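Secondary and tertiary structure notes
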Number of protein chains: 2
Amino acid sequence: MDFKNRLEAEVSGIETILDKYLPQKEGYQQIIMEAMEYSVKAGGKRIRPLLMQETYRMFGGKTVIIEPFMAAMEMLHTYSLVHDDLPAMDNDDYRRGRKTTHVVYGEAVGILAGDALLNYAYETAAKAFDHAKNTKDYEKISHALRIFMKKAGIYGMIGGQTADVTNEGKPVDKGMLDFIFRLKTGALLEASLMIGSVLAGADEKSVSVMEQIGNCIGMAFQIQDDILDVTGDEKELGKPVLSDEKNHKTTYVTLYGMDKAVKDVERYTEEAKELLCGLKTGKKVEDTDFFEDILQMLVHRNK
Amino acid sequence: MDFKNRLEAEVSGIETILDKYLPQKEGYQQIIMEAMEYSVKAGGKRIRPLLMQETYRMFGGKTVIIEPFMAAMEMLHTYSLVHDDLPAMDNDDYRRGRKTTHVVYGEAVGILAGDALLNYAYETAAKAFDHAKNTKDYEKISHALRIFMKKAGIYGMIGGQTADVTNEGKPVDKGMLDFIFRLKTGALLEASLMIGSVLAGADEKSVSVMEQIGNCIGMAFQIQDDILDVTGDEKELGKPVLSDEKNHKTTYVTLYGMDKAVKDVERYTEEAKELLCGLKTGKKVEDTDFFEDILQMLVHRNK
């Protein structure tokens, strides 16, 4: 199967998993389930569960224990978008051409839907405990859950969002920009790769290498985002270009220049590939082809 | 030691536990740690960790494994207050005589501080896994964690908040009011009592009785809240009275009348005591005196 067909099949499998784990829409609180579903099913590339699943497979994982974590990761990522779009945050009325959650359901339900997705993400991931049979299973699942929580919280994504939001309109230096990229964008990618490897039973050192790979992917992805804001096509992107310049936002391109930005996307991608190659040479993982193809797609995207 | 002194000592112990588990204020994201601490240390009766700890003791629990859950419960309760106070929700500038989080730190950090407290609550509770030595320990802790998540989420507190927020200004019938009371106020009290008993190794039936007791306490507490809004003293309460009437809010008093409201507070309190008595008779718990004293304090409070 060529990459495009395989990718389509995998993403479709992820949609099925999401449908399975999203809550029934019922009861006096039904509107919150509707808002959750609206937000999660608004599209998106499903990169995090895709990479989590492929990591799990690369390390020899073979059971459905990964599925609740895949669904949970996408729910958690979605909560961050729902809250990011709120009037007090980025104040975005549209995302991927669709009205944002708070525009459709009102601001109060927008806030609650974000809270609900964050909480339900953990409820969902914890369903993996249903498959635990012995201490080793419990160790793996609780370890994966704690990685998830840490990378989502103040030492991960929320920490990055805080630095981003509180420095809006202020001059940002390289240390701060690096911090924001690594935490806001990188943390959940790192978590996805770490969770996939932990649940497959990878050793500590391999999990740490996967964390580094996640960090490289996050950096390459975010720098590419800043590049596309300058060079991208509005129609393809589905959002206005030059928005960073308009908002006087410090980006990788304004801090380092376009040449270095383009080079660094390549540099981080290469680093990720080399780390992956090291795992393959050390017989920690087998077939890395699909993972590398996803990586290529992410950094050479034009939207 | 008389009740007042014991209560003071216990609450002071809870403050120490909270200080121990609140995150260090450091890094580029320091302001979020400051906002979290400001919100958690804004006072409050610490009822949930107090009841959780006493339940744990009543069922013979003797280790520090309960502490991360106690701190986590208060963090989670605090997140719900921080988000409730936001302009798009209740729009409150003051709570317990102090400026609310979003007034001090701005609305964006207010939203993020709530998210951070919700996420950090679970990070904190999951620290109990550090004490797990065998499958039975893992079973207990993961069970407690999942109860916590369920009671906080769309089938618990967030579900109740959703029904409350989306029915503001609309006529509310008895079924809906009951739903809101049980979920918005009751769920975290139920969770506190269930977690305390689960971690102490109580059997399933006893945990279910503690859930019922939590529900009774929640109902009595919330009905008393509605009564105090009519009969309370503004200075003692630290908030304006007759606010429900002013906001045309359906309350237990408007739906059932003051007489029945006062009687039902007693009825739910008696039910809780009877259930507790049953556990004592069945030799499931030993000394219930302090628990009953807390119960008396909660329903006979004037603030």
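Note that this is a predicted model, so its numbers are computed, not measured.

Counting secondary structure elements, chain A contains 15 helices and two strands. Scaling as 2.2 N^0.38, a compact globule of 303 residues should have a C-alpha radius of gyration of about 19 Å, and chain A matches this with 19 Å. Judged by the C-alpha coordinates and their principal axes, chain A covers about 55 × 55 × 35 Å. Buried residues in chain A amount to 58% of all 303 residues. Within chain A, residue pairs in contact and separated by at least 24 positions form 73% of the contacts whose partners lie at least 6 positions apart. If you sum the accessible surface of chain A, you get close to 12,700 Å²; carbon and sulfur atoms cover 49% of it. In chain A, 39 side chains carry a positive charge and 49 a negative one; their mean positions are 3 Å apart.

With that settled, the discussion passes to the nonpolar core. Grouped together as the largest cluster of nonpolar side chains are 210 residues, with contacts concentrated most on F69 and I213 of chain A together with F69 and I213 of chain B. For I213 of chain B, the residues in contact, after removing those within four places along its chain, are L193, A272, L275, L276, L279 and F291 of chain B.

Let us look at the packing of aromatic side chains. Throughout the structure, instances matching the rule amount to 20 aromatic pairs over all chains. Between F181 of chain A and Y252 of chain A the ring centres are 6.1 Å apart and the planes differ by 25°, which places this aromatic pair in the stacked class. Residue F181 of chain A is found in helix 9 (residues 174–199), and its partner Y252 of chain A is found in helix 13 (residues 252–256); the two are separated by 71 residues along the sequence. In this structure, F181 of chain A and Y252 of chain A share a single accessibility class: buried. Ring pairing ties together the aromatic residues F69, Y122 and F148 of chain A together with F69, Y122 and F148 of chain B, which thus form one cluster. Above the ring of Y268 of chain A, the side-chain terminus of R267 of chain A is found at 4.7 Å from the ring centroid.

So, about the relation of the copies chain A and chain B. Between chain A and chain B, which share one sequence, the superposing operator has a rotation angle of 180° and an axial displacement of 0.0 Å; the RMSD is 0.0 Å. In the structure described here, the two chain copies are related by an operation that fits a two-fold rotation axis. When each C-alpha of chain A is compared by its distance to the rotation axis, T135 of chain A comes out closest, at 2.4 Å.

A cluster of like negative charges, contributed by E286, D287, D289 and D293 of chain A, occupies part of the molecular surface. Looking at D287 of chain A, the relative accessible area reads 48%, which means it is partly exposed.

Counted under the stated rule, the structure contains 44 salt bridges over all chains. Of the charged contacts, one joins E74 of chain A and R46 of chain A as a salt bridge, the two residues approaching to 2.9 Å between their closest N and O atoms. One end of the pair, E74 of chain A, is in helix 4 (residues 66–84); the other, R46 of chain A, is in the loop between helix 2 (30–40) and helix 3 (47–58), and 28 residues separate them in sequence. When its relative accessible area of 3% is taken as the criterion, E74 of chain A is described as buried. Since its relative accessible area comes to 2%, R46 of chain A is described here as buried. We note a salt bridge from R146 of chain A to D130 of chain B, for which the minimum N-O separation is 2.9 Å. Taken together, the residues R146 of chain A in helix 7 (residues 135–152) and D130 of chain B in the loop between helix 6 (107–125) and helix 7 (135–152) connect one chain to another. Look at R146 of chain A and you get partly exposed, because its relative accessible area is 25%. In this structure D130 of chain B comes out as exposed when scored by relative accessible area, which is 55%. Because the salt bridges share partners, they merge into one network encompassing E15, D19, K41, R46 and E74 of chain A.

The partner chain B presents 54 residues to the 54 residues of chain A that form the contact. Buried area between chain A and chain B, both sides added, is near 4,600 Å², and the carbon and sulfur share of it is 71%. It is Y28, R146 and I154 of chain A in chain A that bury the most area against chain B; as a group they hold 15% of the surface buried on that side. Scanning the region where chain A abuts chain B turns up two salt bridges.

What counts and how
- Residues numbered from 1 in each chain as written.
- Chains lettered and ligands numbered in written order.
- Predicted model: local features only at pLDDT ≥ 70, side-chain atom pairs only at ≥ 80, totals over all residues.
- Heavy atoms only, no water.
- Helix = DSSP H or I, 4+ residues; strand = E, 2+ residues; numbered from the N terminus.
- Rg over C-alpha atoms; globule rule 2.2 N^0.38 Å.
- Buried < 20%, exposed > 50% of the residue type's maximum accessible area, 1.4 Å probe, protein only.
- Contact = heavy atoms within 4.5 Å.
- Areas by Shrake-Rupley, 256 points an atom, 1.4 Å probe, with all protein chains shown as cover.
- Lys, Arg positive; Asp, Glu negative; His and termini not counted.
- Charge placed at Lys NZ, Arg CZ, Asp CG, Glu CD.
- Core = buried A, V, L, I, M, F, W, Y, C linked by side-chain atoms within 4.5 Å.
- Phe/Tyr/Trp six-rings, centres within 6.5 Å; stacked < 30°, edge-to-face > 60°.
- Lys NZ or Arg CZ within 6 Å of the ring centre and 35° of its normal.
- Least-squares fit on C-alpha atoms with pLDDT ≥ 70 in both.
- Patch = residues over 30% accessible without salt bridge, like charges linked within 9 Å, V, L, I, M, F, W, Y side chains within 5 Å.
- Salt bridge = Lys/Arg side-chain N within 4 Å of Asp/Glu carboxyl O.
- Buried area = accessible area lost by both parts, 1.4 Å probe.

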